Amino acid sequence: MTDRAEGRKDSVPLARTHRQRPRQRWLRSSLALSLCVLTACQQSPKTRPPEGITRNRIYLGSVLALQGQEEALGSHMKAGLEAAFEGERVKQRQVRLDFENDFYEPPTAKLATQKLIDRGVFLTIGNVGTPTAEVTLPLLADAGVPAVGFFTGAGLLRQNNDRPIVNYRSSYAQELEVTIDIALNAGLTPEDICVYVQNDSYGMAGLAGLKAALDRAGASPELLETYDRVLNTTGDPPPRNNLGPVGVYQRNTPEVAPGYNSLKAWEQETGQLCQFVVTGGSYSNVARFVQHARERGETWVVSALSFTGGDDYRFDLEEYGVTDGIVMTQVVPLLNSDLPIVREARNALGDEFGYVSLEGYIVGKMTLKILNDVPGQLTRDSFMKQVAQSRFDLGGIEIDFTDNDNQGSDLVIVSYLTPDGFRELETTALKAMLGQD
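I will try to describe carefully the structure that is included in this document.

Thresholds applied
Residues numbered from 1 in each chain as written. Predicted model: local features only at pLDDT ≥ 70, side-chain atom pairs only at ≥ 80, totals over all residues. Heavy atoms only, no water. Helix = DSSP H or I, 4+ residues; strand = E, 2+ residues; numbered from the N terminus. Polar contact = N/O pair within 3.5 Å; in protein donor to acceptor, adjacent residues only side chain to side chain. Contact = heavy atoms within 4.5 Å. Buried < 20%, exposed > 50% of the residue type's maximum accessible area, 1.4 Å probe, protein only. Salt bridge = Lys/Arg side-chain N within 4 Å of Asp/Glu carboxyl O. Axes fitted to C-alpha atoms, helices over the stretch in contact; angles between N-to-C directions. Parallel < 35°, antiparallel > 145°, perpendicular 65-115°, else oblique. Left-handed = near helix turned anticlockwise from the far one by under 90°. Pairing = 2+ DSSP bridges. 1 Å grid on protein atoms, 1.4 Å probe; cavity = no way out; pocket = protein on both sides within 12 Å on 5 of 7 lines; lining within 4 Å. Points joined across faces, edges and corners; volume = space filled by probe spheres on them. Nonpolar A, V, L, I, M, F, W, Y, C, P; charged D, E, K, R; others polar. Disulfide = S-S within 2.5 Å. Expected span 1.5 Å × (residues − 1). Arc of directions from axis to C-beta.

Counting through the fold element by element, glutamine 407 comes out in the loop between β13 (397–400) and β14 (413–418). Here the side chain of glutamine 407 touches glutamine 174 through a polar contact of 2.8 Å, side chain to side chain. Filtering out sequence-adjacent residues up to four positions away, glutamine 407 remains in contact with Arg158, Asn167, Tyr168, Arg169, Ser170, Ser171, Gln174, Asp400 and Phe401.

Attention now goes to unusual backbone geometry. With an omega of -5 degrees, the peptide bond between aspartate 236 and proline 237 qualifies as cis. Structurally, proline 237 can be placed in the loop between α8 (221–231) and β8 (246–249). The phi angle at phenylalanine 103 is positive, at roughly 60 degrees, despite the residue not being glycine. Looking at the secondary structure, you find phenylalanine 103 in the loop between β3 (93–101) and α4 (106–119). Given a relative accessible area of 36%, phenylalanine 103 falls into the partly exposed group.

Tracing the chain through its elements places leucine 305 in the loop between β10 (301–304) and α11 (310–319). Here the alpha-carbon distance between leucine 305 and glycine 206, two residues 99 residues apart in the chain, equals 8.2 Å. Ignoring sequence-local partners within four residues, the contact set of leucine 305 consists of Tyr172, Glu175, Leu176, Tyr202, Gly206, Thr279, Gly280, Met328 and Thr329.

Here we take up the pattern of salt bridges. Side chains that differ in charge, positive against negative, can pair when their charged atoms come close. Under the criterion given, the structure shown has 23 salt bridges. Glutamate 318 serves as the salt-bridge partner of arginine 314, at 3.0 Å between the closest nitrogen and oxygen. Of this pair, arginine 314 and glutamate 318 both sit in helix α11, four residues apart, which is roughly one turn of that helix. Residue classification places arginine 314 among the partly exposed positions, given a relative accessible area of 26%. Under the relative-accessibility criterion, glutamate 318 is labelled partly exposed at 37%. Of the charged contacts in the structure, one is a salt bridge between aspartate 338 and arginine 343, with a shortest N-O distance of 3.6 Å. On the basis of relative accessible area, aspartate 338 is assigned to the exposed category, the value being 57%. Among the residues examined, arginine 343 registers a relative accessible area of 35% and is labelled partly exposed. Each of Arg96, Asp98, Glu100, Lys115 and Arg119 takes part in salt bridges that share partners, so that together they form one network.

One way to put it is that helix α6 (residues 172–185) packs onto helix α7 (residues 201–216) with a least axis distance of 8 Å and a crossing angle of 45 degrees. The angle between α6 and α7 falls in the class oblique. Of the two possible hands of crossing, α6 and α7 adopt the one that is right-handed. Here α6 contributes Tyr172, Ala173, Leu176, Glu177 and Ile180 to the contact with α7, which in turn contributes Tyr202, Ala205, Gly206, Gly209, Leu210, Ala213, Leu214 and Arg216.

So, about the sheet that holds strand β6 (residues 165–166). On the basis of which strands lie adjacent, the open sheet formed by six strands has the order β2-β3-β1-β4-β5-β6 and mixed pairing. Where the open sheet ends on each side, the last strands, each with one partner, are β2 (89–90) and β6. Lying on the sheet, α4 is in contact with β1 (57–64), β3 and β4 (123–125); it crosses β3 at an angle near 155 degrees.

The next point concerns empty space enclosed by the protein. As enumerated under the stated definition, the model contains one cavity of 30 Å³ or more in all. For the largest cavity, the calculated volume is near 50 Å³. As for the largest cavity, its lining consists of Phe151, Arg169, Ser306, Gly309, Gly310, Gln330, Val331, Val332, Tyr355, Val356 and Glu359. Broken down by element, the residue count for the lining of the largest cavity peaks at three residues, all from helix α13 (residues 355–373). Here the residues of the lining of the largest cavity sort into five nonpolar, four polar and two charged.

Looking now at the state of the cysteines. Across all of its chains, the model carries one disulfide by this definition. Shown here is the disulfide that connects cysteine 194 with cysteine 274, its sulfur atoms set 2.1 Å apart. Sign of the S-S torsion, about -80 degrees for the bond between cysteine 194 and cysteine 274, identifies this disulfide as left-handed. Placement of cysteine 194 in strand β7 (residues 193–198) and of cysteine 274 in the loop between α9 (257–270) and β9 (276–280) is noted, with a sequence separation of 80 residues between them.

Turning our eyes to something else, we now look at α4. Look at α4: 20 Å from first C-alpha to last across 14 residues, which is about the 20 Å you get at 1.5 Å a residue. By the burial criterion, the buried members of α4 are Pro106, Ala109, Ala112, Thr113, Leu116 and Ile117. One side of α4 holds all its buried residues, which, seen down the axis, span an arc of 145 degrees. Structural note: α4 exposes Pro107, Leu111 and Asp118 on the side pointing more than 90 degrees away from its buried face. Within two residues after α4, glycine 120 carries a phi angle of roughly 85 degrees, on the positive side.

Our focus in this paragraph is α11. It helps to recall that an α-helix has 3.6 residues per turn; residues three or four apart then point in one direction. Looking at α11, one finds that the buried residues are Gly310, Asp312, Tyr313, Asp316 and Leu317. In the segment just after α11, glycine 321 is the residue with positive phi, at about 80 degrees.

This part covers the packing of α7 against α8. For any two helices packed against each other, the geometry is given by the interaxial angle and the distance between the axes. Axis separation between α7 and α8 bottoms out at 10 Å; the angle between their running directions is 165 degrees. In this view, α7 runs roughly antiparallel relative to α8, as classed from their interaxial angle. Here α7 and α8 pass one another in a crossing that is left-handed. Residues Met204, Leu207, Ala208, Leu210, Lys211, Leu214 and Asp215 of α7 lie in contact with α8, whose contacting residues are Leu224, Tyr227, Asp228, Val230 and Leu231. Of the residues belonging to the contact of α7 with α8, the class tally is nine nonpolar, no polar and three charged.

Okay, structure coming up:
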């Protein structure tokens, strides 16, 4: 178009071109005014549908690991969300779910999130991970896009109530408080507890939760100071091994020896033996850590946070021949539960039914309920207002956002691995694992 216009200009005599300039300016001004009027009409808040919503559809997006070392977490969450929204409608609109892979890497997650924002999703749902959430939440907040049901219990999603964040699950701090309570009731002391975590914001969220739980349990100032030392260490990556009863590993790697050696160095330095090792990592690495320790004769009872992913964690452990001494917190009902929501998810998911996919299913159904309960016009603002006043039973799980926080459930179950899967842990069973019965 530009080339043709320039060709016409070159073929017109100079004097004639000058005579036509006032008319050309008038035409250009009229065209610009028409375009402005047209644009204003298109952007009028009265006629433009809210972002992420058309007359027939609502668009939701999710950023999670669908490839890479921890792809099972993202794949299971995706399966749960898809099953929850299958055939469902939001105020007569079809639901479209867009999934973006981030390999569980923050830079990729940031790019994928911006892509969803530019595409105009109504909200993001079921994103996996703390380090990825750390870089994507500011983008979502700036765009006014709600972050719903992220697969992480980190405090950074619970300390910013001014942002549009909606959590389903209990926090890591809650998981660790319950875990430490049962460990101490089984006869352990704070000095018997060691830690193995991912060397990033996820692992540090777990470590901070553990420190808070031990502080409440009366741990010595000297022990708590070692946790502070680890938490306050900086760098890229921070050198956090060999600073206390803590071992760390790098995200998305199979390395376990440095973290294990850090715990052994602590034992040698203090003469205090680890008996109960709290972990905050992903299924593949934590399972390798357990195998590494067992091959060296350790009898540690190893506890894992819910993010580890019970299904693939169990599978990897069994591959390594580990079938006992494993404790894990769950923030959804156990898979053998007879609650209506669990039966419903089991039927909907079939072979893909598991702990992570169950959480995805619950998050999806919770979100559907709130979306459809919004009175009047559905907007991001009206959705968040409805969240704040939502309290309901979701097939046997209590969802309550009315207590002035952004977290719907406080469910935490401490479980342990048996030949039939994870079952609820009682103090007597933990004592037996520790050889204290």
